[in-house]
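Next come the chains, spelled out residue by residue.
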Amino acid sequence: MTGTSPAVVAASKLGLTFQTNDGPVQALSNVDLTIGKGEFVSFIGPSGCGKTTLLRVIADLEKPTSGTISVNGMTAEQAREKRAYGYVFQAAALFPWRTIERNVGLPLEIMGLSKAEQAQRIKRTLDLVNLRGFEKKYPWQLSGGMQQRASIARALAFDADLLLMDEPFGALDEIVRDHLNEQLLELWGRTNKTICFVTHSIPEAVYLSTRIVVMSPRPGRVSDIIESTLPKQRPLDIRETPEFLAIAARVRDGLRAGHSYDD
Amino acid sequence: MKAPMYSWQASLAFLLVIFPIVVFVTNVGVPGLAWPYSGFSGGLAIALVTLPAWFSGRLLKLWEAALCFVCAHGAAVLLLGGIRGHEGTAGPGYYLVLASAWLLAWRCVAILSEQRPLSRLASTALRLIIPAIFGAWILIIWEAVTRGAGIPFILLPPPSAIGARIASSLPVLGADVRQTIFKAVIFGYVVGSGTGFLVAIAADRVPFLRRGLLPIGNMVSALPIIGVAPIMVMWFGFDWQSKAAVVIIMTFFPMLVNTVAGLAASGHMERDLMRTYASGYWQTLLKLRLPAAAPFIFNALKINSTLALIGAIVAEFFGTPVVGMGFRISTEVGRMNIDMVWAEIAVAALAGSVFYGVVALVERAVTFWHPSVRGG
Ligand SMILES: Nc1ncnc2c1ncn2[C@@H]1O[C@H](COP(=O)(O)OP(=O)(O)O)[C@@H](O)[C@H]1O
Ligand SMILES: [Mg+2]
């Protein structure tokens, strides 16, 4: 494998059909996608277009009904068992009976790391998300934004190269969201992780990503993939530049094209 | 100057004693009258319940509460002393004074429960004082009415007689508690709840057990213990073991059903999270599902603390060595020693409350994170 960097995520002809009481629901159909190491890929689209489902298939929380998926060159299941990724859910999903530090340490406990190693990694990741000083607090003593940061710390704690994030900032207000977006970009720049990020905010997707995957519903599919031309260094006010607005306009067009299918 | 704010309780207390005051004043010196007209103690009691009506609006709240407290309980003590030896002679004056004193106690509790104490100590004290006054007045009214109306001892003995009986029968009561609670109840509770818990985990691991056991569980929990107890006596003999068996049967299924429900209580997202860590069954059980099930498990433990006591006492009605709370109740009823029956009931109530209280305290400590405990 020297020299060539293999795809972190490779999906081909991926499809998933849920059997529901109202008949089959085609949540994903014919998804072809390759994500390379160090990319920041956003998935955007109206709700119900299969963004969460795609992320869950990558995470092996859902099995595809057709096509293939590989993660780090393995099957999704093998990758999950090797703890190849950290997953950040839409809600923080912290355990209320554990302090913040013990929540962040949860995956480390499960992996059976030594106490000293755990303590060191907890400290490092809490520093990374600016939660120093809140180690001994319980989740319900923290604001929503801090809880979500703790849940990101938890996904970072075991140092997987791939980060899967499903609308992690969806429930937060704009100001907190901007702040966390900045921090996330900075973290990504520093760690060279691969990030798959689900959102339904166009500015968020454009601001964060190296590539934007536009999806459309019924059946859930990839309708457009847009490469970002923005530099890696992105101050918040890059969002007012013509380049940024041009990319945003392309994403919006892509979304509209997906919709016209319905109307 | 603000006009004084008279409380309705103190005002009504005063209105109620106008009639006794008139009778008292017009009959000073007449011999042979019933309490409160018979002398100094009645007069003092009437004066005590009148007092707060004049002062209630002019004092600081806490002083008013203290005044009401002293007057209400002073009058109660005088009243109970006055009726002793004259059971069944109470007239309207007696009940009017009792009602006034009770209203003042109400006023006192009303003021205390409005207080927003600043220190933890004060708030703990308040949490204890308010129910204590409440309980005391249940006993005072019970005592006053049974003595005042001369209710036959067999129907309802006054609490003082029950208290005296408890004091004079401590060794017997102690032996009964040891037999029934420390042997049958504790053993049955621990074994019944423990196996219920373990079987719930087995049922969680093995789905066909769950489908088979839960319907049977519902059926067995509908079994009348009256029917089971004699059979247990045949199987396990007269001593405490057969009572423990009844307790085991009663406590097993609430724990089983609650634990199974609790194990299903953790959220999908949390379980998916554990899956992303490739966490195994036991790790997920220990780190997620059991902590999430704790409120359910404690619910079962609290239900079981009550069931165990009832089960053990009732089971003793069906044959037992000559000791035990249920045995004592059934034999002393036959001998018309009603005060002893009440003494056992009081001891059982106390033991049951302590048992429940201890479980509830442990629950607060373990499920401190639950919204119902942390109050959010
Ligand atoms: N577990 C499931 N069972 C049945 N249908 C599902 C399930 N999960 C998702 N779906 C359906 O699949 C489609 C895509 O859902 P989802 O991936 O959650 O969309 P998004 O995250 O883009 O809003 C929706 O129509 C949804 O109702
Ligand atoms: Mg979604």
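Since the structure is predicted, the reported quantities are computational estimates derived from the model, not experimental observations.

A. Expanded view of the overall build of chain B. When its secondary structure is counted, chain B shows 15 helices and zero strands. For chain B, whose C-alpha radius of gyration is 28 Å, the value lies well above the compact-globule estimate of 21 Å for 376 residues. Along the longest, intermediate and shortest principal axes, the C-alpha atoms of chain B span 85 × 60 × 30 Å. By residue count, 44% of the 376 residues in chain B fall in the buried class. Summarising the internal contacts of chain B: among those between residues at least 6 apart in sequence, 74% fall at separations of at least 24. Surface exposure of chain B reaches about 18900 Å², of which carbon and sulfur atoms provide 74%. Here chain B contributes 25 positively and 14 negatively charged side chains, and the mean placements of these two sets differ by 9 Å.

B. Broad picture of the overall build of chain A. Scanning chain A from terminus to terminus reveals eight helices and ten strands. Relative to its length of 263 residues, chain A is compact, with a C-alpha radius of gyration of 19 Å against a globular reference of 18 Å. Dimensions of chain A, computed from the C-alpha atoms along their principal axes, are close to 55 × 45 × 40 Å. Per-residue burial over chain A gives 53% buried out of 263 residues. A separation threshold of at least 6 residues defines the contact pool for chain A, and within that pool the share at least 24 residues apart is 69%. Entry remark: accessible area of chain A is about 11700 Å², with carbon and sulfur atoms responsible for 51%. Separation between the mean location of the 31 positive side-chain charges and that of the 30 negative ones in chain A comes to 6 Å.

C. Focus on the domain arrangement of chain B. Annotation of chain B at the domain level lists domain 1 (8-151) and domain 2 (166-374). Computed from C-alpha coordinates alone, the two centres of domain 1 of chain B and domain 2 of chain B are separated by 42 Å.

D. Expanded view of the side chain of threonine 50 of chain B. Counting through the fold element by element, threonine 50 of chain B comes out in helix H2 (residues 40-55). Those residues in contact with threonine 50 of chain B that sit more than four places away from it in its chain are Phe14, Val17 and Ile21 of chain B.

E. Summary view of unusual backbone geometry. Of note, the bond from arginine 218 of chain A into proline 219 of chain A is cis; its omega dihedral lies within 30 degrees of zero at -10°. Within the element layout of this structure, proline 219 of chain A appears in the loop between strand E9 (211-216) and strand E10 (221-227). With an omega dihedral of 10°, the bond running from tryptophan 35 of chain B to proline 36 of chain B counts as a cis peptide bond. Examined against the element boundaries, proline 36 of chain B turns out to sit in the loop between helix H1 (8-26) and H2. In this structure, aspartate 60 of chain A is a non-glycine residue whose phi angle is positive, near 60°. Relative to the assigned elements, aspartate 60 of chain A resides in the loop between helix H1 (51-58) and strand E4 (66-71). At arginine 218 of chain A, a position not held by glycine, the phi torsion is positive, near 45°. With respect to the element layout, arginine 218 of chain A can be found in the loop between E9 and E10.

F. Region of the structure containing the sheet that holds E9 of chain A. Residues and elements named next belong to chain A. Strand order across the open sheet formed by six strands is E6-E7-E8-E3-E9-E10, with mixed pairing between neighbours. Only two strands of the sheet have a single neighbouring strand rather than two, namely strand E6 (85-88) and E10. With direction set aside, neighbouring strand axes in the sheet form an average angle of 15°. Examined bridge by bridge, E9 and E10 share six bridges and lie antiparallel to one another. Across the sheet, the residue bridging to serine 216 is arginine 221, located in E10.

G. Up close: the interface of chain B and chain A. Counting residues at the interface gives 18 residues for chain B, matched by 23 residues for chain A. When the two sides are added together, the surface that chain B and chain A hide from each other amounts to roughly 2100 Å², 69% of it contributed by carbon and sulfur. Applying the counting criterion to the chain B and chain A interface returns three salt bridges. The residue aspartate 272 of chain B makes a salt bridge to arginine 56 of chain A at a minimum N-O spacing of 2.8 Å. Of all the elements, helix H11 (residues 268-276) of chain B adds the most residues to the side of chain B that touches chain A, at seven residues.

H. Examining helix H6 (residues 174-191) of chain A more closely. All names here are of chain A. In this model, H6 (18 residues) spans 25 Å end to end at C-alpha, consistent with the 26 Å of a helix rising 1.5 Å per residue. Burial in H6 covers these residues: Arg177, Asp178, Leu180, Asn181, Gln183, Leu184, Leu185, Leu187 and Trp188. In this structure, the buried side of H6 is in contact with strand E3 (40-44), helix H4 (115-128), helix H5 (144-156), strand E7 (162-166), strand E8 (194-199) and helix H7 (202-208). Following H6 by one or two positions, asparagine 192 adopts a phi angle in the positive range, close to 55°.

I. Seen up close, the site of ligand 1. All names here are of chain A. Close to ligand 1 lie Phe18, Thr20, Val25, Ala27, Ser47, Gly48, Cys49, Gly50, Lys51, Thr52 and Thr53. A distance of 2.4 Å separates an oxygen atom of ligand 1 from a polar atom in the side chain of threonine 53. In the complex, 62% of the free accessible area of ligand 1, which totals 560 Å², lies under the protein chains. Those elements that place two or more of their residues in the shell around ligand 1 are strand E1 (9-20), strand E2 (23-35) and H1. Considering every element that reaches the shell around ligand 1, the biggest residue donor is H1, with three residues. Classifying every residue of the shell around ligand 1 gives four nonpolar, six polar and one charged.

J. Focus on helix H5 (residues 120-148) of chain B. Residue and element names in this part refer to chain B. In a regular helix each residue adds 1.5 Å, so 29 residues correspond to 42 Å; H5 covers 42 Å between its end C-alpha atoms and thus fits that length. For H5, the full list of buried residues reads Leu126, Ile133, Trp137, Ile140, Glu143, Ala144, Thr146, Arg147 and Gly148. Each element contacted by the buried residues of H5 is listed here: helix H3 (61-83), helix H4 (92-114) and helix H6 (159-168). Two residues or fewer after H5 comes glycine 150, characterised by a positive phi angle close to 60°.

K. Expanded view of the pattern of salt bridges. All names here are of chain A. On inspection of all chains with the given rule, the structure shows 32 salt bridges over all chains. Residues glutamate 204 and arginine 177 are paired through a salt bridge, measuring 3.0 Å at the closest nitrogen-oxygen approach. Here arginine 177 lies in helix H6 and glutamate 204 lies in helix H7, a separation of 27 residues in the sequence. In this structure, glutamate 204 and arginine 177 share a single accessibility class: buried.

The rules behind each value
Once a new chain begins, its residue numbering starts again from 1 and follows that chain's sequence as written. Chains carry letters and ligands carry numbers; both start at the beginning, A for chains and 1 for ligands, and go up in the order they are written. For this predicted model, a pLDDT threshold of at least 70 governs which residues receive local features, and a threshold of 80 or more governs which side-chain atom pairs are given and counted, while totals over whole chains, interfaces and linings are taken from all residues. Here the side-chain values reflect all heavy atoms present in the structure, with hydrogen atoms and water set aside. Labels follow the DSSP assignment, with helices taken as runs of H or I lasting at least four residues and strands as runs of E lasting at least two, numbered in each case from the N terminus. Note on method: radius of gyration uses C-alpha positions; expected globular size equals 2.2 Å times residues raised to 0.38. Residue exposure (1.4 Å probe, protein chains only): buried if accessible area is under 20% of the type maximum, exposed if over 50%, otherwise partly exposed. Contact definition: two residues touch when any of their heavy atoms are within 4.5 Å. Here the accessible surface of atoms and residues is derived via Shrake-Rupley with a 1.4 Å probe, and residues count as covered only by protein chains that are part of the display. Positive: Lys, Arg. Negative: Asp, Glu. His and the chain ends are not part of the count. Charged groups are reduced to one reference atom each: NZ for lysine, CZ for arginine, CG for aspartic acid, CD for glutamic acid. Domains are outlined according to an automatic or database domain assignment. Pairing between strands is defined by DSSP: at least two bridges between the two strands are required. Here, axes are lines fitted to C-alpha atoms. For helices the fit covers the stretch in contact, and angles between N-to-C directions go from 0 to 180 degrees. The quantity reported as buried area is the accessible area (1.4 Å probe) lost by two parts once they are put together, taken as the sum for both. A side-chain nitrogen of Lys or Arg and a carboxyl oxygen of Asp or Glu constitute a salt bridge if their distance falls within 4 Å. How far a helix is expected to stretch is found by multiplying one less than its residue total by 1.5 Å. When we say a residue is near a molecule or strand, we mean one of its heavy atoms is within 4 Å of it. Definition of a polar contact: a pair of N or O atoms within 3.5 Å, with one able to donate and the other able to accept a hydrogen when the atoms are protein atoms, and with sequence-neighbouring residues admitted only if both atoms are side-chain atoms. Think of it as three bins: nonpolar holds Ala, Val, Leu, Ile, Met, Phe, Trp, Tyr, Cys and Pro, charged holds Asp, Glu, Lys and Arg, and polar takes everything else, Gly as well.

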